[in-house]
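# Structure assessment
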Amino acid sequence: MFKLSVLGERIKMRRKIMMYMLIGLIVFFTVFYLMITEKIPGPWATMIGGLIMALIGIINEEDALTAISERLEILFLLIGMMIIVLLVSETGVFQWFAIKVAQLVRGEPFRLIVLLAIVTALCSAFLDNVTTILLMAPVSILLAKQLKLDPFPFIITEVMSANIGGLATLIGDPTQLIIGAEGNLGFNEFLFNTAPVAVLSMVLLIVNVYFIYGRHMVVSNELKARIMELDSSRSLKDPKLLKQAAVIFSLVLIGFVLNNFINKGLAIISLSGAIFLVVIAKRKPKEIFENVEWETLFFFIGLFMMIKGIENLNIINIIGDKLIKITSGKFDLAVIAVTWLSAGFTSIIGNVANAATVSKILGVMVPTFDKIGDPKAFWWALSFGSCLGGNITMLGSATNVVAVGAAAKAGCKIDFLKFFKFGGLIAFQTLLLATVYLYVRYM
């Protein structure tokens, strides 16, 4: 009788777990449906999804607050850089840079996109790629408008470049820092293992941009002549603020690069620079906070809550366990599976959440294959899947969300499907390249 009672309780518990899992998945995919069809703005959709998970008991208040607090560095980093970029933009330096770049390529649109893409990728390799896109997006939009071109090819190319450039080094992307810490990998190891794929991926990106957009871009000689006649010095509105911002911003960037040694944290460095610059520039809190992109921040808050709900439902771990069973004893299949599966996860939950989750799965998988092949191949596979997979959807990385928000402010609307059509193509090609690279080098 006792055994039957225990068995009955177990059956009830399993049914309850399955019910919660089903409800959680319905909520999760409904949120993405609402965003894809644009029936509800992204920030409201993710917030509603996260709050529903809390109200029905998939997560509790402590889980929700923990999910947000664990990623406060991302939120505070964004706030700090938004404030710095806001003040820098007031100086007119973006317009100045835009004119200089356009004049360098004599107004040729494809050459201009290539130059901006290379600058973006290089900056992303050594800076946070969110910071890079915050700086480069306004420049590209200004140039596109000046040449009377659609800003979308400029923005989307820079987003792809930022994610690809972030792959090149340990400090290029938050996902790389997570992978480096979990896999005990150093700066030079990333440089020699992931940078080659980043360089080849940039070549693939530029070739695609040429055939899809570049060769169709036509700018009249009159517009080119106007670009060459522009006086860039007239764009500079506040030289004093520019000097102050340049000093503060340079210190922030140095702090980012040296963070592994000074260990102050990217968020603290970013916020410190922002607050010091605001005080020096004598700006009131109201005029600064009115221009912070709160919609982007609330989008992430809701997304973090939803991810915590999916983790609580054990869905990712279930997939991980299945992966271990399916690939048991097959080193090459396991490495390739990690690459593509992590890319798929990234397109849904974002590259930071994917890297943090899959790295735990690798902690279990890697010892199994230790004597079969080089275990570091798994970490490079995760790196490729997280960074290159971040280009699949606009949810794949913080860079994508920030860029889409900046484009919307400038009147260039980028919806989910528009992003996916180009981003998915680039991601597929670069992931295929990464797979071949892994196979040739490690298998």
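### As for the overall build of the chain
Within the chain, the secondary structure is distributed over 23 helices and 0 strands. Over its C-alpha trace the chain gives a radius of gyration of 23 Å, about what one expects of a compact globule, namely 22 Å for 443 residues. Over its C-alpha atoms, taken along the principal directions, the chain stretches across nearly 90 × 50 × 45 Å. Within the chain, buried positions represent 54% of all 443 residues. Looking at the chain alone, contacts between residues at least 24 apart form 81% of all its contacts between residues at least 6 apart. Surface exposure of the chain reaches about 20,500 Å², of which carbon and sulfur atoms provide 66%.

### A closer look at the nonpolar core
Of all hydrophobic cores here, the largest spans 151 residues; its most connected members are Leu 362, Met 365, Phe 378 and Phe 384. It is helix H4 (residues 72–90) that provides the largest number of residues to this core, a total of 13 residues. Sequence-distant contacts of Phe 384, that is, excluding residues within four places in its chain, are made with Leu 167, Asn 193, Thr 194, Val 197, Thr 339, Gly 389, Leu 431, Ala 434, Tyr 437 and Leu 438.

### Focus on the confidence of the model for the chain
Within the chain, residue pLDDT values average 85, and 97% of them lie at 70 or more. By mean pLDDT, the top-scoring element of the chain is helix H11 (residues 195–212) (96), and the lowest-scoring one is helix H18 (residues 315–326) (73).

### Digging into the packing of aromatic side chains
All told, the structure shown has 11 aromatic pairs when counted by the stated rule. Ring geometry for Tyr 213 and Phe 422: centres 5.5 Å apart, planes at 50°, overall tilted. Taken together, the residues Tyr 213 in the loop between H11 and helix H12 (221–229) and Phe 422 in helix H23 (residues 416–442) connect sequence positions 209 residues apart. In terms of burial, Tyr 213 and Phe 422 fall into one category: buried. A cation over an aromatic ring shows up here: Lys 418 above the ring of Phe 152, its NZ or CZ 4.4 Å from the ring centre.

### Regarding the side chain of Ser 397
Here Ser 397 shows up in the loop between helix H21 (376–389) and helix H22 (398–409). Look at Ser 397 and you get buried, because its relative accessible area is 3%. Within polar-contact distance, the side chain of Ser 397 engages the side chain of Asn 400 at 2.9 Å. If near-sequence neighbours (up to four positions away) are discounted, Ser 397 is found in contact with Asn 163, Asn 351 and Gly 390.

### Here we look at the pattern of salt bridges
The final tally for this structure, using the stated rule, is 3 salt bridges. Measuring nitrogen to oxygen at the nearest pair gives 2.4 Å for the salt bridge that ties Glu 189 to Lys 376. Placement of the pair is Glu 189 in helix H10 (residues 187–193) and Lys 376 in helix H21, with a sequence separation of 187 residues. Owing to a relative accessible area of 24%, Glu 189 belongs among the partly exposed residues under this scheme.

### Quick notes on the packing of H11 against H23
Across the interface, H11 lies against H23 with an axial gap of 10 Å and an inter-helix angle of 145°. As H11 runs across H23, the sense of the crossing is right-handed. Between H11 and H23, the contacting residues are Pro 196, Val 197, Leu 200, Ser 201, Leu 204, Leu 205, Asn 208, Val 209 and Ile 212 on the first element and Phe 422, Leu 425, Ile 426, Gln 429, Thr 430, Leu 433, Ala 434 and Tyr 437 on the second. In terms of residue class, the contact of H11 with H23 is made up of 13 nonpolar, 4 polar and no charged.

### Some thoughts on unusual backbone geometry
Even without a glycine there, the phi angle at Lys 148 is positive, about 60°. Along the chain, the position of Lys 148 falls in the loop between helix H7 (129–146) and helix H8 (152–166).

Rules of the game
Residues numbered from 1 in each chain as written. Predicted model: local features only at pLDDT ≥ 70, side-chain atom pairs only at ≥ 80, totals over all residues. Heavy atoms only, no water. Helix = DSSP H or I, 4+ residues; strand = E, 2+ residues; numbered from the N terminus. Rg over C-alpha atoms; globule rule 2.2 N^0.38 Å. Buried < 20%, exposed > 50% of the residue type's maximum accessible area, 1.4 Å probe, protein only. Contact = heavy atoms within 4.5 Å. Areas by Shrake-Rupley, 256 points an atom, 1.4 Å probe, with all protein chains shown as cover. Core = buried A, V, L, I, M, F, W, Y, C linked by side-chain atoms within 4.5 Å. pLDDT = per-residue confidence, 0-100. Phe/Tyr/Trp six-rings, centres within 6.5 Å; stacked < 30°, edge-to-face > 60°. Lys NZ or Arg CZ within 6 Å of the ring centre and 35° of its normal. Polar contact = N/O pair within 3.5 Å; in protein donor to acceptor, adjacent residues only side chain to side chain. Salt bridge = Lys/Arg side-chain N within 4 Å of Asp/Glu carboxyl O. Axes fitted to C-alpha atoms, helices over the stretch in contact; angles between N-to-C directions. Left-handed = near helix turned anticlockwise from the far one by under 90°. Nonpolar A, V, L, I, M, F, W, Y, C, P; charged D, E, K, R; others polar.

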